[in-house]
Amino acid sequence: MIKKTYGIDFLSFEDYKGIKEGNIEIKLNEASKEQILKSQQNVAKIVASGQTVYGINTGFGPLCDTKISEEETRQLQHNLLISHAVGVGNPIKKEISKTMLIAKAHALSKGYSGVTLDVVERILLMIEKDIIPVVPEKGSVGASGDLAPLSHLFLPLIGEGKVWDGDTIVSTKEALAKHNLQPLHLSAKEGLGLINGTQFILSHALNGLEKFEYLLNLADVAGALSLEAYEGSPRPFEEELHQVRPFKGTLLVAERMRNLLKGSEIAFSHADCGRVQDPYSLRCMPQVHGASRNAFFHLQELAEIELNSVTDNPIVVSDEEAISGGNFHGQPLAMVLDYATIAASELGNISDRRQYLLIEGKYGLPKLLTESSGLNSGFMIPQYTSAALCTENKTLCFPASADSIPTSLGQEDHVSMGSISGRKFNQVLDNVERILAIELMYACQGLEFRRPRKTSAFLEEVFTKVRSVCPKLEEDRLIGDDINNIIDLLQTDDFKKLILSF
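Residue numbers run consecutively from 1 along every chain, following the written order of its sequence. For this predicted model, a pLDDT threshold of at least 70 governs which residues receive local features, and a threshold of 80 or more governs which side-chain atom pairs are given and counted, while totals over whole chains, interfaces and linings are taken from all residues. For the side-chain quantities, the full set of heavy atoms in the structure was used; hydrogens and water were omitted.

Trainee: Could you give me a rundown of the pattern of salt bridges, with the residues and numbers involved?
Mentor: The salt bridge criterion pairs a side-chain nitrogen of Lys or Arg with a carboxyl oxygen of Asp or Glu, the two atoms within 4 Å. For the structure shown, the criterion picks out 27 salt bridges. A salt bridge links Lys17 to Glu213; the nearest nitrogen and oxygen atoms lie 2.8 Å apart. Of this pair, Lys17 sits in helix α1 (residues 13-21) while Glu213 sits in helix α9 (residues 199-230); the two residues are 196 residues apart in sequence, bridging distant segments of the chain. As far as the burial class goes, Lys17 and Glu213 line up, both buried. Counting from the N terminus, the helices are DSSP H or I runs at least four residues long and the strands are E runs at least two residues long. Only protein chains enter the area calculation, which uses a 1.4 Å probe; residues under 20% of their type maximum are buried, those over 50% are exposed, and those in between are partly exposed.

Here it is, written out as structure tokens:
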């Protein structure tokens, strides 16, 4: 078992996946505890000194000039959580709430936030006992941190809010009683340290990155199957072509396509067919899929920086100084999430075009991929669904980070809207998964008309798995069931492992 330490170790994207999957153990050690305790002591000294420091002994936002007495600092932190928990909408996924807890624990353990060790240890206990807070999906503008979502995330610390108990939602009071726990009483700076931050945006980025990585691989596989069904040329994937325009993503996809087609009987059986060029959706997969991979690499780089950063305010640097700044501002992730959303959407756009090629009835494929069209509609209509999903994705590609509405009586006069960027990114990814499921259905049907020739061993394995839930279409049937069966297949751990293994 690999071991990592909160607040000390650098956590990579791969570490995040390992922690989530239970392959990496992460805990506090004496060094991280010392960092937390020192920061808390620094806050206590600042309070005792009487100096005015934002969020420690002042009000918040436009009330930053209102001084709060030492006696009222505890009530101030309690009021902060309950007044800012104003999120609305459906709960975010339980696993995203859990990632928020992990990310926040890592940030707090770096020793710049002034929270007590009791607070961090309670957060870690919640993770361990699977007491995961219910967080509404809407209400953050992504600057001053994800205030509303983080307030909901930490209401359970003070005995308020709701939590997940398995797959059901219960009151925090019920969950605390079940585990013989009492609510905590927050000290100076703790409430602000908890709800200032970008963990909602970050957790949506990490969750999306994991799915994006899978769908990038899946798009290559679906595209290779479509190429084979169409009897397209493998020549556009030759290394010499891409070395003269060596973008990282393009080189990677071209190499993957060469490997995916290696050993194919179909790919080389029509080498002298006389067709000069394939349509762009086949020929330009390295350039288009590769550009989306470049966006993945960019988001991964920035998400890793954010995962290992302190994003609350003020930052307590000593017992005399707490710097009030803007580390909570979500713009660094908001912009790249919007970029990644466009990149993910493009995987769906080009997939839809490949689907259209397969039903046109060219190069030995029957029109609508059925030999008895007329009486049967064959595969005419699933492409409608694909087209609808593509257009829905295009409407979700408007960059949320291009907008800003001032809040907090103008104190927060520029906000990132990065929470919306993160949510839209994940919505687009879900739609792309459905689009690729339809392409796999089309490509496998197309391969039936190339028999007895076979494609590569890996693609044949994928073909067999798809065929296990979606047999060859001979006459019209409920194709919608086939689509849903393939979507379910794509979400199984075994199929994901297969796609990610190549």
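Trainee: Kindly report on the packing of α9 against helix α11 (residues 248-261), identifying the contributing residues and their values.
Mentor: Throughout, an axis means a line fitted to C-alpha atoms (over the contacting stretch in the case of helices), and angles, computed between N-to-C directions, take values from 0 to 180 degrees. It is the contact of α9 with α11, at a shortest axis distance of 10 Å, that shows an interaxial angle of 50 degrees. With respect to their mutual orientation, α9 and α11 come out oblique. Relative to α11, the crossing made by α9 is right-handed. Residue-level inspection shows Asn217, Asp220, Val221, Gly223, Ala224, Leu227 and Glu228 of α9 in contact with α11, the latter providing Val253, Arg256, Met257, Leu260 and Leu261. Think of it as three bins: nonpolar holds Ala, Val, Leu, Ile, Met, Phe, Trp, Tyr, Cys and Pro, charged holds Asp, Glu, Lys and Arg, and polar takes everything else, Gly as well. Classifying every residue of the contact of α9 with α11 gives seven nonpolar, two polar and three charged. An angle below 35 degrees is read as roughly parallel, one above 145 as roughly antiparallel, one from 65 to 115 as roughly perpendicular, and any other as oblique. Note on convention: near helix rotated counterclockwise from far helix by under a right angle means a left-handed crossing. Clockwise means right-handed. Two residues form a contact once any of their heavy atoms are found within 4.5 Å.

Trainee: Outline helix α3 (residues 73-84), supporting the account with residue identities and numerical values.
Mentor: Because the α-helix completes a turn every 3.6 residues, residues three or four places apart line up on one side. Multiply 1.5 Å by the residue count of a helix minus one, and that product is the helix's expected span. Spanning 12 residues, α3 covers 17 Å between terminal C-alpha atoms, matching the ideal 16 Å at 1.5 Å per step. Along α3, the residues that are buried comprise Thr73, Leu76, Gln77, Leu80 and Leu81. What you see down the axis of α3 is that its buried residues fit within an arc of 130 degrees, all on one side. In this description, the arc belongs to the directions extending from the helix axis to the C-beta atoms.

Trainee: Give me the packing of aromatic side chains: which residues, what numbers.
Mentor: Stacked, tilted and edge-to-face are the three classes assigned to paired rings of Phe, Tyr and Trp, where Trp is represented by its six-membered ring and a pair needs centres within 6.5 Å; plane angles under 30 degrees give stacked, over 60 edge-to-face, the rest tilted. Within the structure shown, the criterion is met by eight aromatic pairs. For the pair Phe212 and Phe296, a centre-to-centre distance of 5.9 Å together with 75 degrees between the ring planes defines the contact as edge-to-face. Here Phe212 is found in helix α9, whereas its partner Phe296 is found in helix α14 (residues 285-307), with 84 residues between them in sequence. Among the residues examined, Phe212 registers a relative accessible area of 0% and is labelled buried. Through a chain of ring-to-ring contacts, the aromatic side chains of Phe13, Tyr16, Phe212, Phe296, Phe297 and Phe425 assemble into a single cluster. The side chain of Lys472 reaches across the aromatic face of Phe449, ending 5.2 Å from its centre. Working rule: Lys NZ or Arg CZ, within 6 Å of ring centre, within 35 degrees of ring normal, means a charge sits over the ring. Over the ring of Tyr214 we find Lys496; its NZ or CZ atom is 6.0 Å from the centre of that ring.

Trainee: A description of the side chain of Gln300 should follow, citing residues and the corresponding values.
Mentor: Assignment of secondary structure puts Gln300 in helix α14. Gln300 sits in the buried class, given a relative accessible area of 19%. Contact partners of Gln300, with chain neighbours within four places excluded, come to Phe13 and Leu209.

Trainee: Break down the layout of surface pockets for me, citing the residues and quoting the values.
Mentor: Taken as a whole, the largest pocket encloses approximately 870 Å³ of empty space. The way it works is a 1 Å grid over only the protein atoms, where trapped points that fit a 1.4 Å probe form a cavity and open points with protein on both sides within 12 Å along at least five of seven lines form a pocket, and then any residue with an atom within 4 Å of a point lines it. What lines the largest pocket is a set of 27 residues, and nearest its centre among them are Lys20, Glu95, Asn207, Lys211 and Lys496. By residue number, the principal contributor to the lining of the largest pocket is α9, which donates six residues. Looking at the lining of the largest pocket, its residues break down into five nonpolar, seven polar and 15 charged. Where each domain begins and ends follows an automated or database-derived domain assignment. Each of domain 1 (2-196) and domain 2 (204-314 + 335-501) gives at least three residues to the lining of the largest pocket. Grid points are joined across faces, edges and corners, and a volume is the space filled by probe spheres set on the points.

Trainee: With reference to specific residues and values, describe the sheet that holds strand β7 (residues 168-171).
Mentor: Note on pairing: two strands pair once DSSP finds at least 2 bridges between them. Read from one edge of the open sheet, three strands run β4-β6-β7, paired in antiparallel fashion. One side of each edge strand has no neighbouring strand; the edge strands of this open sheet are β4 (132-133) and β7. Relative to strand β6 (residues 162-165), β4 is paired through two bridges, and the arrangement is antiparallel. Residue pairing for β6: Pro133 is matched across the bridge by Val163.

Trainee: Tell me about the environment of Val134, residues and numbers included.
Mentor: Position of Val134 relative to the elements: it lies in the loop between β4 and β5 (136-138). Separated by 40 residues in sequence, Val134 and Lys94 place their C-alpha atoms 7.3 Å apart. Beyond its immediate sequence surroundings of up to four residues, Val134 is in contact with Pro91, His152, Lys162, Val163, Trp164 and Ile169.

Trainee: An account of the domain arrangement of the chain is needed here, citing residue identities and associated values.
Mentor: On domain assignment, one finds that the chain holds domain 1 (2-196) and domain 2 (204-314 + 335-501). A C-alpha centroid distance of 38 Å is found between domain 1 and domain 2. Taken together, the contact between domain 1 and domain 2 spans 39 residues of the former and 29 residues of the latter. Note: buried area is the sum, over both parts, of the accessible area (probe 1.4 Å) each one loses when the two are combined. When domain 1 packs against domain 2, close to 2,800 Å² is buried across both sides, 57% of that on carbon and sulfur atoms. Where domain 1 packs against domain 2, one counts three salt bridges. With a closest N to O distance of 2.8 Å, Asp312 and Lys189 form a salt bridge. Two N or O atoms count as a polar contact when they lie within 3.5 Å, although within protein this holds only if one can serve as hydrogen donor and the other as acceptor, and sequence-adjacent residues are included solely when both atoms are side-chain atoms. There are 14 residue pairs in polar contact (both at pLDDT 80 or more) connecting domain 1 and domain 2. At the level of secondary structure, the elements contributing two or more residues to the side of domain 1 that touches domain 2 comprise α1, α4 (94-108), β5 and α8 (190-195). For the side of domain 1 that touches domain 2, a count of residues per class yields 16 nonpolar, 10 polar and 13 charged.

Trainee: I'd like a rundown of the nonpolar core, residues and numbers included.
Mentor: Nonpolar cores are built from buried Ala, Val, Leu, Ile, Met, Phe, Trp, Tyr and Cys residues. Side-chain atoms within 4.5 Å join them into one set. Counting residues in each nonpolar core, the largest one holds 128 residues, and the members touching the most others are Ile123, Phe212 and Val462. A per-element tally of this core places α9 first, with 19 residues. Contacts of Phe212, omitting those with residues within four sequence positions, involve Ser292, Phe296, Ala340, Ala343, Ala344, Leu347, Phe425 and Leu429. With eight residues, the next largest nonpolar core counts Ile46, Val53, Ile56 and Val316 among its residues.

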